[in-house]
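# Coordinates in review
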Amino acid sequence: MFCSKCGRELPEGSRFCPGCGAEVAGAPKPEQPAAEPVAAASAPSAGSVSEPAGTATAPSPASATAQPAPKRSRKPLIIGGVAVVAVAAIVVAVLFATGVLGRDGRLPNGFFTFQDNAFGFNYRIEQEGGDQVIELLTYDETSGSYPTMFTGTLEEDGSNELGKIWKVANLVDADGQPDSTVVRLQFPEGASSGELEGRWYVEVERDGETVFALREFDADGSVHWVLGTGTGVIDDAMDYDEIMRTMDVQATLDDGYGNGGYGSCTWGEGNAGDYEIRDEDGEWIMNVSVSTGH
């Protein structure tokens, strides 16, 4: 058999001419191998070749519905929730113990005396049933006693940045007669445990005039003590410097301004366990007693 293009003799069974590459007319076509049927998806049998790593195979609908999703245990969630609650309870307990929480609700039960008649406003507070009864007293220098000015019960009456403000409700005078005088107070947070440091406010409104008193005991040992007229001292938590700049001050303890001034004063613990106030020469001015639990 010869190539019809170049005339070269062709080997038996050739499909293409080895000389010119032309296809040999009438050469038989090679048989195509039959395609193997696709096996149904099933678990791989032993010895079979697995998919190479990283090849994603989409599950068939049958397998997706046949295998239910595994149930997740709630035990870790429950345990975690209990742990969170326990930690929160510990934090709250610590905050109450340190006075960060609940401090505004604590009132000092006891006898708080500021032994100087010129500045008045001593008080005795006692728990009676569900009420905290307060007596506001003055100091009688002649007899050394503390006559009662007013008596009433304490109730909340607003707040400022330092905490709750208290009002004396059901007020009666020294003779036991109802009185229209409005008395409001605020105590430093340490008062309930017998500490003096902080601001002690008293505000008295009567016959259209409001008189206030501030006793401010600072951590550095300085003390500011001022009486004046005007409103807003407690509500705005005004300190001594603010009062001196803006209010009509009548008397003050620590800079000689007005009646009863003593110059620059300091405070500290005294020999009898109470607190003492002394002037800039170290002379005794007055005692302060914060006696709780009485």
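Residues numbered from 1 in each chain as written. Predicted model: local features only at pLDDT ≥ 70, side-chain atom pairs only at ≥ 80, totals over all residues. Heavy atoms only, no water.

By the element assignment, alanine 272 lies in the loop between strand 11 (266–269) and strand 12 (275–278). Classification of alanine 272 as exposed rests on a relative accessible area of 71%. Remark: the alpha-carbon pair of alanine 272 and asparagine 287, spanning 15 residues in sequence, is separated by 9.8 Å. (Helix = DSSP H or I, 4+ residues; strand = E, 2+ residues; numbered from the N terminus. Buried < 20%, exposed > 50% of the residue type's maximum accessible area, 1.4 Å probe, protein only.)

Close approach of charged atoms allows side chains with opposite charge to pair. Counting across every chain of the model gives 8 salt bridges. The closest approach of N and O atoms between arginine 206 and aspartate 179, which form a salt bridge, is 3.5 Å. A residue pair is termed long-range when its members are at least 10 positions apart, and arginine 206 in strand 7 (residues 198–206) and aspartate 179 in the loop between strand 5 (163–173) and strand 6 (182–186) qualify at 27 residues. A salt bridge links glutamate 276 to arginine 278, with the shortest nitrogen-to-oxygen separation between them at 2.9 Å. (Salt bridge = Lys/Arg side-chain N within 4 Å of Asp/Glu carboxyl O.)

A word on the side chain of glutamate 216. Along the chain, glutamate 216 falls in strand 8 (residues 209–217). At 3.2 Å, the side chain of glutamate 216 and the backbone nitrogen of tyrosine 240 are in polar contact. Aside from chain neighbours lying at most four places away, what touches glutamate 216 is Gly198, Arg199, Ser222, Val223, His224, Asp239 and Tyr240. (Polar contact = N/O pair within 3.5 Å; in protein donor to acceptor, adjacent residues only side chain to side chain. Contact = heavy atoms within 4.5 Å.)

Let us look at the confidence of the model for the protein chain. Here the protein chain averages 74 in pLDDT, while 64% of its residues score no lower than 70. When the criterion is pLDDT under 50, residues 38–65 qualifies, and its contacts beyond four places in sequence or with other chains add up to 1 contact. Throughout residues 77–105 the model reports pLDDT below 50, and contacts reaching past four residues in sequence, or to other chains, amount to 13 contacts. (pLDDT = per-residue confidence, 0-100.)

Structurally, methionine 149 is set in strand 4 (residues 148–160). On a C-alpha basis, the gap between methionine 149 and aspartate 175 in space is 9.0 Å, while along the polypeptide they are 26 residues apart. Sequence-distant contacts of methionine 149, defined by excluding residues within four places in its chain, comprise Phe121, Leu136, Leu137, Thr138, Val172, Asp173 and Ala174.

With that settled, the discussion passes to the side chain of threonine 181. Assignment of secondary structure puts threonine 181 in the loop between strand 5 and strand 6. Exposure remark for threonine 181: the relative accessible area of 4% places this residue in the buried category. In this structure the side chain of threonine 181 is engaged in a polar contact, spanning 2.5 Å, whose partner is the side chain of aspartate 179. Within the structure, threonine 181 has its side chain in polar contact with the side chain of arginine 206 (distance 3.3 Å). Beyond its immediate stretch of four places on either side in the chain, threonine 181 contacts Phe150, Leu171, Val204, Glu205 and Arg206.

It is worth spelling out the packing of aromatic side chains at this point. Inspection of the entire model under this criterion finds 8 aromatic pairs. Geometrically, the ring pair formed by phenylalanine 112 and tryptophan 200 is tilted, given 5.7 Å between the ring centres and 50° between the ring planes. Pair noted here: phenylalanine 112 is in strand 1 (residues 110–114) and tryptophan 200 is in strand 7, with a separation of 88 residues, a long-range link. Summarising the burial analysis for this pair, phenylalanine 112 and tryptophan 200 share the class buried. (Phe/Tyr/Trp six-rings, centres within 6.5 Å; stacked < 30°, edge-to-face > 60°.)

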